[in-house]
Amino acid sequence: MPFKSPIPNHYDIIIIGAGPAGATCALQLRHSKLNVLLIDKATFPRSKTCGDAITGRSIKTLFRCCPELVEQFRTFPLKTEIKHTRLNINHHKPIDIHWVNEAYCCRRADFDQAFLQGVRQYAPNVQIVEGFQVNDIIEDDTVPGRYIVGNSNQQRYFSTQFLVGSDGTQSIVGKKLTTTRLEQNHHAGAVRAYFSGVKGLHLNRTEVFVLPEFMPGYFWVFPLSEDTANIGFGMLTSSIAQQKINLKEAIYAFIQASPELKARFDESTQEGKLEGFGLALGSRRVPMSGEHFLLAGDAASLIDPASGEGISNAIVSGKMAAETIVAAFEAQDFSADFVKDYDKKLFKIIGKELKTSTILLRSFLFAPKLLDVSAYLMGNPFFKRLAKRLM
Ligand SMILES: Cc1cc2nc3c(=O)[nH]c(=O)nc-3n(C[C@H](O)[C@H](O)[C@H](O)COP(=O)(O)OP(=O)(O)OC[C@H]3O[C@@H](n4cnc5c(N)ncnc54)[C@H](O)[C@@H]3O)c2cc1C
């Protein structure tokens, strides 16, 4: 152990990962007197493989955390406001779902950049370090409860009393401090690309397509402008492995297999590369905290298993993480028992929804015909609610 106590660069809190979970945690900590370091390996604006759909609860929670930032985002030109979703299930008549809450589509490069800018603007107690990949996390034996995080190649280190892992699906904090590992049944794979020249886009409507030959998974068309959209396809990782599916080929095959999509994409142009990434689904409950640390967002496996939506739970968990940390500093209690309150409170808010989505996912996985039945019965309000869960 090369560290002597005290080492320079000590922070009350270090947050690793400045995506929606980490940025929300940092923003929520702006009212505390704690000094915070927010680290990200990327330099913003950075691309993030995502569908770019920012659903209602994200904006609502963000508003509670920092209304000024939401007001600013409302005037941001590079986004579309989403009012409806059209579900196209197995060639049945399309089903339209209307959204009450404020929701948007916005490229994550833009959204996350605006978010981080908000932290810079509204949280003066937060120092931001970009372009710094943490590859080393050490529990300091010389000072109980102190973590040292840094990059061994650069020999640059920071120390902290409380560590937040908001570093996404492949979280280094999760790998170092918990025993949770990837399980194919609780993990999905998805690919996305941007296309221009797509016909029939409606600026206020996202679209989802399900086809029997590509089950269990779905294809999305999320509009970003009059003729540009985020196009993607995702599936459960265990099904990808079992069916030996190449997602990067499947997305183009999906367009060809749907007469509607084929016609709408025949004059389109793909902008940039098709990118793929994994999704840590909230279909299992994993440990999210311990002595002097907690995990938020994808690092804590909080993605909705039925829809693949993770931004809102990242934001909700980031806010809850900050509230728990402030309480821990007030009580000067950083024990695993005290911090576990975070897991309990978070699951009170999002646990029921994750459970319902898990049941839906499993039902459609083992009895795909259920999808046809629900599409057929869509006139029934109960089934309409069911479909809403799919989004
Ligand atoms: C193809 C695809 C489509 C999706 N579509 C949607 C959608 O439309 N709507 C939706 O709500 N959700 C969607 N999701 C899920 C959504 O992208 C995530 O749930 C969301 O980004 C989680 O936010 P986060 O802050 O937890 O993690 P992230 O957004 O992944 O942020 C983690 C940050 O940590 C940084 N980082 C990672 N490792 C380190 C390290 N070692 N050192 C320093 N920094 C590090 C990264 O650079 C990154 O900025 C999709 C996911 C995929 C893969």
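Residues numbered from 1 in each chain as written. Predicted model: local features only at pLDDT ≥ 70, side-chain atom pairs only at ≥ 80, totals over all residues. Heavy atoms only, no water.

This next bit is on the packing of aromatic side chains. For the coordinates displayed, the defined rule picks out 16 aromatic pairs. Seen from their ring centres, Phe195 and Phe265 are 5.4 Å apart, and the 80 degrees between their planes marks the pair as edge-to-face. In this pair, Phe195 sits in strand β10 (residues 187-196) while Phe265 sits in helix α8 (residues 259-265), placing the two residues 70 residues apart along the sequence. As far as burial versus exposure is concerned, Phe195 and Phe265 are alike and both buried. With a centroid separation of 5.6 Å and an interplanar angle of 45 degrees, the aromatic rings of Phe233 and Phe254 are classed as tilted. Of the two residues, Phe233 is situated in strand β13 (residues 229-236) and Phe254 in helix α7 (residues 247-257); the sequence distance between them amounts to 21 residues. Among the residues examined, Phe233 registers a relative accessible area of 0% and is labelled buried. Given a relative accessible area of 0%, Phe254 falls into the buried group. Through a chain of ring-to-ring contacts, three or more aromatic side chains come together here, namely Phe73, Phe76, Tyr104, Phe111 and Phe115. Sitting above the plane of the Phe347 ring, Arg285 keeps its charged end 4.0 Å from the centroid. (Phe/Tyr/Trp six-rings, centres within 6.5 Å; stacked < 30°, edge-to-face > 60°. Helix = DSSP H or I, 4+ residues; strand = E, 2+ residues; numbered from the N terminus. Buried < 20%, exposed > 50% of the residue type's maximum accessible area, 1.4 Å probe, protein only. Lys NZ or Arg CZ within 6 Å of the ring centre and 35° of its normal.)

Glancing now at the side chain of His186. Note that His186 resides in the loop between α5 (172-177) and β10. You can call His186 buried: its relative accessible area is 14%. Beyond its immediate sequence surroundings of up to four residues, His186 is in contact with Leu279, Ala280, Leu281, Ser283, Arg284 and Arg362. (Contact = heavy atoms within 4.5 Å.)

We now examine the site of the ligand. Surrounding the ligand, one finds 37 residues, the nearest of these being Asp40, Gly51, Ala53, Arg108 and Asp298. Between the ligand and Pro20 there is a distance of 3.2 Å, counted from an oxygen atom to a backbone nitrogen or oxygen. The contact in question runs from an oxygen atom of the ligand to an N or O atom on the backbone of Ile311, over 3.0 Å. Contact with the protein chains covers 94% of the free accessible surface of the ligand, which is 1,000 Å². Listing elements by their share of the shell around the ligand, those giving two or more residues are α1 (20-28), β12 (217-223), β14 (269-280) and α9 (311-331). Here the shell around the ligand gets three residues from one element, more than from any other, and that element is β14. In terms of residue class, the shell around the ligand is made up of 17 nonpolar, 11 polar and nine charged. (Near = heavy atom within 4 Å. Polar contact = N/O pair within 3.5 Å; in protein donor to acceptor, adjacent residues only side chain to side chain. Areas by Shrake-Rupley, 256 points an atom, 1.4 Å probe, with all protein chains shown as cover. Nonpolar A, V, L, I, M, F, W, Y, C, P; charged D, E, K, R; others polar.)

Attention now moves to the sheet that holds strand β5 (residues 95-105). Judged by pairing direction, the sheet is mixed, and its eight strands sit side by side in the order β3-β5-β4-β11-β12-β13-β10-β14 without closing on themselves. Whereas interior strands pair on both sides, the edge strands pair on one side only; in this sheet they are β3 (53-54) and β14. Pairing analysis gives three bridges linking strand β11 (residues 205-210) to β12, with the strands arranged antiparallel. Following the sheet pairing, Val208 is matched in β12 by Trp220. (Pairing = 2+ DSSP bridges.)

So, about the environment of Ile172. With respect to the helices and strands, the residue Ile172 is situated in helix α5. Given the relative accessible area of 18%, Ile172 is considered buried. Sequence separation between Ile172 and Phe265 is 93 residues; the distance between their C-alpha atoms is 39 Å.

Pairing is possible between side chains of opposite charge, provided their charged atoms come close. Considering all chains together, one arrives at 20 salt bridges under this definition. Across the salt bridge formed by Arg120 and Glu130, the nearest N and O atoms sit 2.6 Å from each other. You can see Arg120 sitting in helix α4 (residues 108-122) and its partner Glu130 sitting in the loop between β6 (126-129) and β7 (136-140), a full 10 residues away along the chain. Exposure remark for Arg120: the relative accessible area of 38% places this residue in the partly exposed category. Notably, a salt bridge pairs Lys345 with Asp341, separated by 3.0 Å at the nearest N-O pair. With Lys345 and Asp341 both in helix α11 (residues 341-366), this residue pair falls four residues apart, about one helical turn. Through salt bridges with shared partners, a single network forms among Arg205, Glu207, Glu260 and Arg264. (Salt bridge = Lys/Arg side-chain N within 4 Å of Asp/Glu carboxyl O.)

Turning next to unusual backbone geometry. Of note, the bond from Phe44 into Pro45 is cis; its omega dihedral lies within 30 degrees of zero at 0 degrees. For the bond running from Met215 to Pro216, omega is -5 degrees, close enough to zero to count as cis. Relative to the assigned elements, Pro216 resides in the loop between β11 and β12. With a phi close to 70 degrees, Asp52 is a non-glycine residue in the positive phi region. As for its position among the elements, Asp52 is in the loop between β2 (36-39) and β3. Residue Gln155 is not a glycine yet carries a positive backbone phi of 55 degrees. Its place among the elements puts Gln155 in the loop between β8 (146-151) and β9 (156-165).

What follows deals with the side chain of Asp40. Locating Asp40 in the fold gives a position in the loop between β2 and β3. With no salt bridge to any partner, buried Asp40 finds its closest opposite charge in Arg46, at an N-O distance of 4.9 Å. If we ignore the near neighbours within four places in the chain, the residues touching Asp40 are Gly17, Ala18, Gly19, Val129, Glu130, Gly131 and Phe132. (Lys, Arg positive; Asp, Glu negative; His and termini not counted.)

Before going further, it helps to examine the pairing of β8. With six of its six residues buried, β8 lies for the most part within the structure. The two faces of β8 match: Arg146, Ile148 and Gly150 on one face and Tyr147, Val149 and Asn151 on the other face are all buried. As defined by bridge partners, β7 adjoins β8 across five bridges and the pair is classed as antiparallel. Pairing of Glu139 across the sheet is with Tyr147, part of β8. In this antiparallel pair of consecutive strands, β7 and β8, the connection spans five residues, and Gly145 shows a positive phi of 80 degrees. In the sheet, β8 pairs with β9 via five bridges, with the strands oriented antiparallel. Residue Val149 lies in a different strand from β9, and its bridge partner there is Phe158. In textbook terms, the turn of a hairpin is the stretch between consecutive antiparallel strands, and for β8 and β9 this stretch comprises four residues, one of which, Gln155, has a positive phi near 55 degrees.

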